[in-house]
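If you want the building blocks of each chain, they are given just below.
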Amino acid sequence: MISSSTRLLASMRATSSARTALPLLLSASPRKAIPSFAAPPPRVLSLAPGLGLPSPRRLPPPRISSMAVSSVAAPERHDAGDWYSVPDLSLRDHRFTVPLDYSAAAGSSITVFAREVVAVGKEEQQLPYLLYLQGGPGFESPRPTEASGWLKRACEEYRVVLLDQRGTGLSTPLTVSSLSQIMSATKLVEYLQHFRADNIIKDAEFIRSCLVPDSGTWTVLGQSYGGFCAVTYMSFAPEGLKSVLLTGGIPPIAKGCTADVVYRACFEQVVHQNEKYYKRFPQDVKVICDLVNYLAKAEGGGVSLPSGGILTPRGLQTLGLAGLGSGGGFERLHYMFERVWDPELVPGMGKRISYYFLKAFESWIDFDTNPLYALLHESIYCQGAPSQWSAHKIRGEYDSIFDPIKAAKECRPVFFTGEASMIFPWMFDEIHALGPFMEAAHLLAEKEDWPPLYDISRLNNNKVPVAAAVYYEDMYVNFKLAMETASEIAGIRLWVTNEYMHSGLRDNGYQVFEQLIGMLQGKKPWF
C-alpha cells in the first residue's frame, strides 16, 4: 500500500511547485460530540456479544504484560505506563492483552501497544480522543521525536493515540525471527489470518473502551491502509466513532477479491510516474540500462546482496514502490543511482556495483524488518475469495512494457513497478529474509475463506461524519476506484487535490489535517 518512509514523522515542507487543489465534497450528518477526559484507571475485560468485543470491569493496580504470544489464555488487560516527554509533547505507553482470535477468547492472547500523546501541559486536561491508524499493512505507528506535522496540529485539540497495529512495532511484533518460531506453514497461515483489518478494529474498540471515559466515541485518522481499516471500522463498529478522517485511504469494497481490479487500475498511473521520472532525469536512462544489462549477464542472473539475497533486473524494478509515489521520491531515487558503480582503483578490475548501492537498495525494501507486508498485502483486497498471486498475474499482461531486460537491450527507459506490481512469488526466492515463508505465502495466495472487511449496506446508510483527502495522482490508491467507493459512503466530504501525492500527510501534515478537520467543523468551505 505505502512505502516505509510514511512510517516516520517529518516536519512540514512546502511543495516544490504550486498546483491547483480541486475541492469536491458531499455533506455528512453532524453528530453530538461526547466529552472526553483523562485516561481512567486500568480495567480488565471479558468477552461480550456483538463484535465479540469485551465489556469492562475494574482491575487491581496494573502489571506490565508479556509481549510474547501466550499459549495459555490470559484475562484481557490494560497496563498504563508513566508520562515521559519529547520536545513539546508528553507521551504515555499502554499495553493491552487481547485475544489472538476474538471468536475463541479462551485461546491464545497477544499484546497490543498504543502510545498516548498530548501537548506538554495538557496531560490532565479534558480532551477528545483521536486514534491514528498507520499505513501498511505490517508497519508500526510513527515514533514522535518532536511536535511537528499533523501530530502537532492534532495535539492542539486532541489526545492522540498512536496504535501499533497487531503484529507491528511493540504489538507482539511479527518479525522474521519471531515468525520462525512457527515451523509449520499451515499453522503459520492459521496464525496470520488474524492480522487483517477486521481484527485491527476489534483491538481498537477494546482500546477505546479502556481509554475513553464512559466508553465514549473517538475520531479516527487513517492514512493509506489505515484508511482501509477506518472504513472497516465504519462498516462494523460505527457506534464507536465520533468522526473519521481519511488521507489517501479509500479502499475498493466490492465482494470477492478486488486485487486484479486494483492492479490493472494502478498500472496506468505507474506508467505515468515512470514517464515523469525519466523526463526529470533523462540521464538515468543509460545508467539504469547499463545496470540491468550488468545484472542480466551476471552468473545466476544477478549479484549477491549484503543480506544474502540476490539483486536481479526484476528485483531492481521494485524500487518504484518507494521512489515513484511519494514526495521527494524521484530525487532520492536519482541520487541513489548516482552511486551505483565503484570507481576502478586498479586498472583492469572492471566495472562493479558499489556496496553503497546494494545496501541502499536493501534499505528501501523493508521486507527483512516488516515481512507482514509481503505475506498479507494481497489479502487486504480479499473477501471470500483468493488472491492467487494477483500482482504476478496482472504483471504478465503488461510484460511488453515492464520487461526490464528487453527495455535495456533496446536502450529505452526501464520502467519501475509500484503498487500495481509489488508482491511476487519470486520475491520469496530472491529476498533472503522471506525464503522461510515461501510455502506459507503460497497457501495464503490460495486461501478462499477470508471474512468480510466491508458492509456496503452499512456504508450506504453511514451516519458518521467523514472527510477524505483524495490525491488525484495517487500511485497506491487509484483515484477512480477511490471515487467509486466514495459514492457508496453516505455523507462523505471529499477534498480532491493534485497538490500532494500519496505522502501528503507526511509532506505537509499540518495543512492536510487542518483542511480535513476544518471541513468537518465547518471552518473550511466544501462546495
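Along each chain, residues carry numbers from 1 onward, in the same order as the chain's sequence is written. Thresholds applied to this predicted model are a pLDDT of at least 70 for local features of residues and 80 or more for the giving and counting of side-chain atom pairs; totals over whole chains, interfaces and linings are not thresholded and use all residues. Values reported for side chains reflect all heavy atoms of the structure, with hydrogen atoms and water molecules removed beforehand.

A. Inspection of the overall build of the protein at higher detail. Scanning the protein for helices and strands turns up 21 helices and 17 strands. Any two residues whose heavy atoms approach within 4.5 Å are treated as being in contact. Contacts in the protein between residues far apart in sequence, at least 24 positions, make up 77% of those at least 6 positions apart. For every accessible area listed, the method is Shrake-Rupley and the probe measures 1.4 Å; residues are considered covered only by the protein chains on display. Element-wise, carbon and sulfur atoms account for 55% of the exposed surface of the protein, whose accessible area totals about 20,500 Å². A run of H or I in DSSP becomes a helix once it reaches four residues, and a run of E becomes a strand once it reaches two; helices and strands are each numbered from the N terminus.

B. Seen up close, the packing of aromatic side chains. Any pair of Phe, Tyr and Trp rings, taking the six-membered ring for Trp, is counted once the centres come within 6.5 Å. Such a pair is stacked with planes under 30 degrees apart, edge-to-face with planes over 60 apart, and tilted for the rest. By the definition in use, this model includes 24 aromatic pairs. On the basis of an interplanar angle of 55° and a centroid distance of 6.3 Å, the ring pair of Tyr225 and Phe228 is categorised as tilted. Of this pair, Tyr225 and Phe228 both sit in helix α5 (residues 225-236), three residues apart, which is roughly one turn of the helix. When accessible area is computed with a 1.4 Å probe and restricted to protein chains, residues below 20% of their type maximum are described as buried, those above 50% as exposed, and intermediate ones as partly exposed. Taking the relative accessible area as the measure of exposure, Tyr225 reaches 3% and is therefore buried. A relative accessible area of 2% means that Phe228 is categorised as buried. Judged by centre distance (6.0 Å) and plane angle (40°), the rings of Phe337 and Phe416 are tilted. Here Phe337 is found in helix α10 (residues 329-337), whereas its partner Phe416 is found in the loop between α15 (404-409) and α16 (427-430), with 79 residues between them in sequence. Overall, the relative accessible area of 1% leaves Phe416 in the buried class. One aromatic cluster is present, formed by Tyr277, Tyr278, Phe281, Phe330, Phe337, Phe357 and Phe416 through successive ring pairs. Two thresholds decide whether a charge sits over a ring: the Lys NZ or Arg CZ must be within 6 Å of the ring centre and within 35 degrees of the ring normal. Note that Arg166 overlies the ring of Phe195, its terminal NZ or CZ placed 5.5 Å from the centroid. Over the face of the ring belonging to Trp341 we find Lys351, whose NZ or CZ atom lies 4.6 Å from the ring centre.

C. The arrangement of the packing of helix α3 (residues 185-192) against helix α17 (residues 438-446) in detail. Here an angle of 0 to 180 degrees is reported between the N-to-C directions of two axes, which are lines fitted to C-alpha atoms, with helices fitted over the stretch in contact. The interhelical angle for the contact between α3 and α17, taken along N-to-C directions, is 55°, at an axis separation of 9 Å. Of the possible angle classes, the one that applies to α3 and α17 is oblique. Here α3 and α17 pass one another in a crossing that is right-handed. Between α3, through Ala185, Thr186, Leu188, Val189 and Leu192, and α17, the contact on the second element is made entirely by Glu439, Ala440, Leu443 and Leu444. Classifying every residue of the contact of α3 with α17 by side-chain character gives seven nonpolar, one polar and one charged. When an angle is under 35 degrees it counts as roughly parallel; over 145 it counts as roughly antiparallel; between 65 and 115 it counts as roughly perpendicular; any other value is oblique. Helix crossings are classified by the rotation of the near helix relative to the far one: an anticlockwise turn of less than a right angle makes the crossing left-handed, while a clockwise turn makes it right-handed. Gly falls in the polar group here, along with every residue not listed as nonpolar (Ala, Val, Leu, Ile, Met, Phe, Trp, Tyr, Cys, Pro) or charged (Asp, Glu, Lys, Arg).

D. Representation of the confidence of the model for the protein in the model. For the protein, per-residue confidence averages 87 on the pLDDT scale, and residues scoring 70 or more make up 84% of the total. Predicted confidence is poor over residues 2-50, with pLDDT under 50, and the contacts of this stretch with residues over four places away or in other chains come to 171 contacts. Known as pLDDT, the predictor's per-residue confidence is scaled from 0 to 100.

E. Summary view of the packing of helix α6 (residues 259-280) against α10. Close contact between α6 and α10 brings their axes to 11 Å; oriented N to C, the two are set at 60°. By the angle between their axes, α6 is oblique relative to α10. α10 is crossed by α6, and the crossing has right-handed handedness. The residues of α10 that touch α6, namely those facing Gln273, Lys276, Tyr277 and Arg280, are Phe330, Glu331, Leu333, His334 and Phe337. Here the residues of the contact of α6 with α10 are counted per class, giving four nonpolar, two polar and three charged.

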